[in-house]
Amino acid sequence: MDRQLRVLMVSHTFPPLAEVGAIRISQLCRYLPDWGIEPIVLCAQERSTDLQDYSRKLAPGLRVLRAPMMSTPLDWYAAARRRLLRNEGAHNPSDPARISPNPGILRRNFRSLLQLPDRYWGWYPSAVRLGTQLLREEKIDAIFSSGPPWTSHLVARSLKKKFATPLILDFRDPWASALPVETSPAWWLRSAQRMQQSCIRHSDIVLGNTERLTAALQRRYPDRDAISFRTLTNGFEDLVATPRQKPGSRKLLLHLGSLYAHRRIDTFLMALADLIASGRLSPDSFEVLFQGENDPSYLAEATRLVPQLMQNGCIRFSPRISCDQAGKLLWQSDLLLLFQGSHSLQVPAKFYEYLQTGVPIFAVSEDGALTDVMRQTQAGICVRSEDPREIASRLLEALEWPARTPEKVREQFADRYHYRNLARSLGGWIEEVCTPKG
């Protein structure tokens, strides 16, 4: 190409929104100019109710268009529920009695209706308007959209249909065709599948963030040319290593980030209790820290299963912290924890943050994309979630697993997982879709 290409990056999630998906897009935008691509971001305008983190700095000169969110009935419902919970101040938020059971059929269908394709559909009208204005006034060579939220793909599809601009779809999770647990009504799944099919039909390249997810999408659409499905993994950025400040007599086992969506910790907690009861692990020798915004059911479960470990501080749940604080905490850890459950197509983004520290990783996961990459990188130990005794045995091994230096990790994996090199791959695909055929 004889000039710098310009790509519109459509992503509802973008800093300062404190969502993990924002890291991928902001880091790709940081490095795309190194490969001759100028990104312009179309994202959501942050609201006072959104979790925000201003510690993550954007690339200098990056142009960001922020479209406002329209309030939806789901927002009204959530606000009313927050008011109701505030009025029940006498109750303990961690009380298991407050954890709602599975919703009834009517409530389940109503909530699903309000979240089609997702809870962020109120962003769609203003995002399409702002994107349309940009494409009418300026030369945009390609569109890249990343989801979830899947509303981003619908915005990009609308722009593709209007302007015939090449489109690359980025799937950070399964949408409708490969869900591990079908928790939504059948009609919702059918609607989501139709939306996904339409978005893929109008795209030029489809990206999955694991090989297994890419393969699942390719199997779902066998009539489409297989070469149009590619894999762009998540990666790591340059975290600043900080000296260890804790004494070191008590090992820190850290889970950084949220626990949600059928990720089990019960058998891990039972394994800890068994190790202490059998004398193989001293309660004074370790601390397990769950740092992040976690569903209250996990705290309730830990209180019920291992009350003594909760009381003596062996297990702690602490709230979300900023990106800078989280980066510093990683370097103070002795073992990094992952709980993936049966999500076989995905690798948690935090795995790559963990990887670059060289701190050993202990992953409780069924066979899938996470166990694949754990074996490839030899980053630590994987164990299935069913058997607490096996978890206990492998945990003792993990506590003796040797750490690697950050320099060694970069030497081994920067070519594959550093965001600058991932941006190089994406830049090549952008050039590909912008090159006239023939």
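Our next topic: the sheet that holds strand 13 (residues 380-383). Strand pairing in a sheet is mediated by backbone hydrogen bonds. Such pairs are either parallel or antiparallel. Overall, parallel pairing links the 6 strands, which are arranged 10-9-8-11-12-13 in an open sheet. Across the chains shown, the open sheet's two edge strands, defined by having one partner strand only, are strand 10 (315-318) and strand 13. Ignoring strand direction, the axes of neighbouring strands in this sheet form an average angle of 20 degrees. Bridge analysis of strand 8 (residues 251-256) against strand 11 (residues 335-341) gives 2 bridges, and the strand direction is parallel. Looking at the pairing, L254 lines up with L336 of strand 11. Against the sheet, helix 8 (residues 266-277) touches strand 9 (286-291), strand 10, strand 11 and strand 12 (361-365), its axis set at about 165 degrees to strand 9. In this fold helix 14 (residues 388-399) packs onto strand 8, strand 11, strand 12 and strand 13, with an angle of close to 175 degrees to the strand it touches most, strand 13.

This part is about the pairing of strand 8. For strand 8, a buried count of 5 out of 6 residues is recorded, marking the element as mostly surrounded by other parts of the structure. Pairing analysis gives 6 bridges linking strand 8 to strand 9, with the strands arranged parallel. Bridge pairing in strand 9 links L253 to V288.

Glancing now at the nonpolar core. Of all hydrophobic cores here, the largest spans 38 residues; its most connected members are L8, L42, W123, V155, F171 and W175. Secondary structure elements with two or more residues in this core: strand 1 (5-10), strand 2 (37-44), strand 3 (63-67), helix 4 (124-137), helix 5 (151-163), strand 5 (167-171), helix 6 (186-201) and helix 7 (211-220). Ignoring anything within four residues of it in the chain, the contact list for V155 reads V10, L42, W123, Y124, A127 and V128.

This paragraph deals with the sheet that holds strand 3. Across the sheet, 7 strands lie side by side as 3-2-1-4-5-6-7; this open sheet has parallel pairing. Of all strands in the sheet, those bounded by a partner on one side alone are strand 3 and strand 7 (229-231). Strand-to-strand, the axes of this sheet are offset by a mean angle of 20 degrees, without reference to chain direction. In this sheet, strand 6 (residues 205-208) lies alongside strand 5 in parallel orientation, the contact comprising 4 bridges. Bridge assignment links D170 to a residue of strand 6, and that residue is L207. Lying on the sheet, helix 1 (residues 21-31) is in contact with strand 1, strand 2, strand 4 (142-147) and strand 5; it crosses strand 4 at an angle near 150 degrees.

Listed in full, the buried residues belonging to helix 11 (residues 323-331) are A326, G327, L329, L330 and W331. At its buried positions, helix 11 is contacted by strand 8, strand 9, strand 11, helix 12 (349-357) and helix 15 (406-417).

What counts and what doesn't
- Residues numbered from 1 in each chain as written.
- Predicted model: local features only at pLDDT ≥ 70, side-chain atom pairs only at ≥ 80, totals over all residues.
- Heavy atoms only, no water.
- Pairing = 2+ DSSP bridges.
- Helix = DSSP H or I, 4+ residues; strand = E, 2+ residues; numbered from the N terminus.
- Axes fitted to C-alpha atoms, helices over the stretch in contact; angles between N-to-C directions.
- Contact = heavy atoms within 4.5 Å.
- Buried < 20%, exposed > 50% of the residue type's maximum accessible area, 1.4 Å probe, protein only.
- Core = buried A, V, L, I, M, F, W, Y, C linked by side-chain atoms within 4.5 Å.

Function-wise, these values are silent; they only describe arrangement.
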